[in-house]
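Structural overview
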Amino acid sequence: MGLRIHHRLFASIAGIVGLNAVLTVGFVGSGLRRELKSTFREELRSQLALGAWILGETGGADPDSLARALTAQVGYRTSLISVDGVVLGDSYVSPERLPTVENHANRPEVRGALAGQVTFAERTSATIADPLLYGARVAELDGAPIILRLAAPLTDVERTVDRAQRAVALSGLLAMFMALVVAYLASRALSQPLVHLAEQARRLAGGDFEQRAPRRLGVPDLDDLAVAFNRLTDELQVRLSELGRERDEMQALIDCMAEGVVALTDDARVLRMNRTARALFGFPQVPTYAPIGTLVRHPELRKVLEDSVVQTIRAQEVRIGRRHLLVSSRTLDLGGAVTTFLDVSEIRRLEQVRRDFVANASHELKTPLTSIRGFAETLLEGDPPEELRRGFLESIRNNTLRLQRLVDDLLDLSRLESGGWVAQAGSVTVAEAAREAWIPYADEAQRRGIVF
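Attention here is on the structure that accompanies the text. Note that residues are indexed from 1 along each chain, following the sequence as it is written. Only residues with pLDDT of 70 or above have their local features reported here, since the model is predicted, and side-chain atom pairs are shown and tallied only from 80 upward, although totals for entire chains, interfaces and linings are computed over all residues. Calculated side-chain values reflect all of the structure's heavy atoms, with hydrogen atoms and water omitted.

Looking at the overall build of the protein chain
Where we set the bar: Helix and strand definitions follow DSSP, with helices as H or I runs of at least four residues and strands as E runs of at least two, each counted in order from the N terminus. Think of it in three bands: residues with accessible area under 20% of the maximum for their type are buried, residues over 50% are exposed, and the middle band is partly exposed, with areas taken using a 1.4 Å probe on protein chains only. All accessible areas in this document rest on Shrake-Rupley with a 1.4 Å probe, and a residue is counted as covered only by the protein chains that are shown.
When helices and strands are counted, the protein chain shows 12 helices and 10 strands. Residues classed as buried in the protein chain amount to 31% of the 452 residues present. For the protein chain, the accessible surface area stands at approximately 28,300 Å², while carbon and sulfur atoms represent 57% of it.

What about the pairing of strand β2 (residues 87-90)?
Using the following cut-off: Note on pairing: DSSP must find at least two bridges between two strands before they are called paired.
Pairing between strand β1 (residues 77-81) and β2: 3 bridges, direction antiparallel. Each bridged residue has a counterpart across the sheet, and for isoleucine 81 the counterpart in β2 is valine 87. Where β1 hands over to β2, the hairpin turn is made up of 5 residues, of which glycine 85 adopts a positive phi near 95 degrees.

Quick notes on the sheet that holds strand β6 (residues 260-264)
Heads up, the rule is: Fitted lines through C-alpha atoms give the axes, limited to the stretch in contact for helices. The angle between two N-to-C directions lies from 0 to 180 degrees. Two residues qualify as a contact provided that any one of their heavy atoms is within 4.5 Å of a heavy atom in the partner residue.
The strand order across the open sheet built from 5 strands is β7-β6-β10-β9-β8, with neighbouring strands paired in antiparallel fashion. Looking at which strands have only one partner, the edges of the open sheet turn out to be β7 (270-273) and β8 (313-320). Between one strand and the next, the sheet's axes are offset by a mean angle of 25 degrees, whatever the strand orientation. With 5 bridges connecting them, β6 and strand β10 (residues 337-343) associate as antiparallel partners. Bridging from a neighbouring strand, glycine 260 pairs with phenylalanine 341 of β10. Against the sheet, helix α8 (residues 299-308) contacts β6, β8, β9 (323-331) and β10, and its axis sits at roughly 160 degrees relative to β8.

Some thoughts on the pattern of salt bridges
Charged atoms that come close allow side chains of opposite charge to pair. Selection rule: The salt bridge definition used is simple: a Lys or Arg side-chain nitrogen within 4 Å of an Asp or Glu carboxyl oxygen.
Summed over the entire model, instances satisfying the criterion amount to 7 salt bridges. Of the charged contacts in the structure, one is a salt bridge between glutamate 109 and arginine 123, with a shortest N-O distance of 2.7 Å. Taken together, the residues span a long stretch of sequence, with glutamate 109 in helix α3 (residues 108-114) and arginine 123 in strand β3 (residues 119-124) at a distance of 14 residues. We note a salt bridge from arginine 149 to glutamate 109, for which the minimum N-O separation is 3.0 Å. Placement of arginine 149 in strand β5 (residues 144-153) and of glutamate 109 in helix α3 is noted, with a sequence separation of 40 residues between them. The same class applies to arginine 149 as to glutamate 109, namely buried. Taken together, the shared-partner salt bridges connect Glu109, Arg123 and Arg149 into one network.

Description of helix α2 (residues 63-74)
Where we set the bar: A helix's residues, less one, multiplied by 1.5 Å, set its expected span. Of all possible arcs, the one meant is that of the directions from the helix axis to the C-beta atoms.
Across its 12 residues, α2 extends 16 Å between first and last C-alpha, which sits within 8% of the 16 Å expected from 1.5 Å per residue. Every buried residue of α2 is listed here: Pro63, Asp64, Leu66, Ala67, Leu70, Thr71 and Val74. The arc that holds the buried residues of α2, viewed along the axis, is 155 degrees, so those residues lie on one side. Exposed and facing more than 90 degrees away from the buried side of α2 are Ala72 and Gln73. Immediately downstream of α2, the backbone of glycine 75 shows phi near 85 degrees, a positive value.

Some words on a nonpolar patch on the surface
Selection rule: To count toward a patch, a residue needs a relative accessible area over 30% and no salt bridge; like charges are then connected within 9 Å, while nonpolar side chains (Val, Leu, Ile, Met, Phe, Trp, Tyr) are connected within 5 Å.
A cluster of nonpolar side chains, Leu174, Phe177, Met178, Val181 and Leu185, forms an exposed patch at the surface whose accessible area comes to about 530 Å². Judged by relative accessible area, phenylalanine 177 falls into the exposed class, the value being 55%.

In short, shape yes, function no, at least from these values alone.
As C-alpha cells, this is what we get:
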C-alpha cells in the first residue's frame, strides 16, 4: 500500500513537471518564432524602403538586372512585378525562365501593395520550393509604378527556433530530473506517515486496540490526523466494549427465557438461536447463517419458519410427536423475523388429565349418589326390619364417605395445578386400598356370588 501511495505521488509530481516542461518548450518556440517573424517584417519594411529609394534614383536599367543588384545590396530575394502581375525580374530566376513564371497578380502581397500598403505574406515559394516571408510595396522605375517584392527565407527562423527549443528542452530535462529527485524524496517523506497510519488502521480493523499512531510525523496536517485517529481508536474501543457488554447481556437474557427464540434473516437463515430453542430442537450448536430448511426436518414446522420471514404468525400450534409447540413470529423492518416457541406439552397433558378426571369423577359420583338415593327412598317408603335398615344406613354412610373422598381429590387437584400444594410420596397398604375399592361394589358382588 505504501509503494502504491509513493508511486502515485511520484507519478503525479512527475506528470506535472513533465507537462510544464513540454508547455514551456512549446511556448518558448511559439513566442520566439513570433518575435523573429516580427523582426523579419520590420527588417523587410526597412529594406523595401531602401529598395524603393534605389529604384527611384536609377533609370534606364533592365528590371532583371536591377533585381539582382538589389539582392546584392539587401541580401534578400528581389522580384520586380508590373502592376498587371507580370514578373519583370527575379534575382532567383534565370532570365530564360522569366517568361514561364506564372502571373503574380493574385498574390496577397501584390494585391496589398497595389492597394497602397506595405503587405507581408508567408508561404512556400512555387518557384524555389522554400518557405519565405514576402513583403511588397509600390515603387517607381523610370517614372512608372512597379511592385517591389522582397522575400526572406524562414528556414533561418526555424533553425533559430529549433536551436532555442533544444536549449530550453535540455534545460527543462535537467530541471525535470532535479525536480523528480526532489519529488521522489518528498513523496517518500509524505507517504511513510500515511503507510504507518494505514497499518494502524488494518490493526484496528483486526481488533487490535492497543497500538496508537505516533503524534509527531513531521507534517502538521498528518500530526492532526494521527491525533484524530488515536481519539477515534479510543472511542471505538469504548463503543465496542459497550456493544459487547450489551450483546452478552441480551444473549444472557434471551438464553434465560422459557420460550425458544430463533432470529432469521430475510432468506430464512439462522441468525441467532437461544438455549431453549436449541434444547427444543435438539441442536447442541447451530452454525450462523445455516438455512433453516437444512436444520428442521419436520415439514409443518419448517414451513411455519420459512413463512415467518414474509408474514407475521400469531399463536399457531404445531404438534411434533407428543410435544406441542405454540409458535409466534414477527417480521422485522430491515428484513428477517424473530420467531418464538413455547412448549405447551405439559399444559396439554394436564388438560387431558383434567378431562379424563372429570369424566371419571362424573362416573364415580354417579354411582354413590344413585346408591344413596335408592337406599333413602327405600327407607322413606316403608319400615324395613332393623337389620336391613341398619344395612341401608351403613351403605348410605359408606357412599357419603366415598363422595367426600372424591371431593377431597378434586380439591387436591385444584391446589396441585395452582401450585399451592405439592404431593408427598408415602407408603400405602395394598390390602386396605383394595378393600376400599371393593366396598362400593360388595352388595352387587354378593348378589352375583362373587366373594372378596
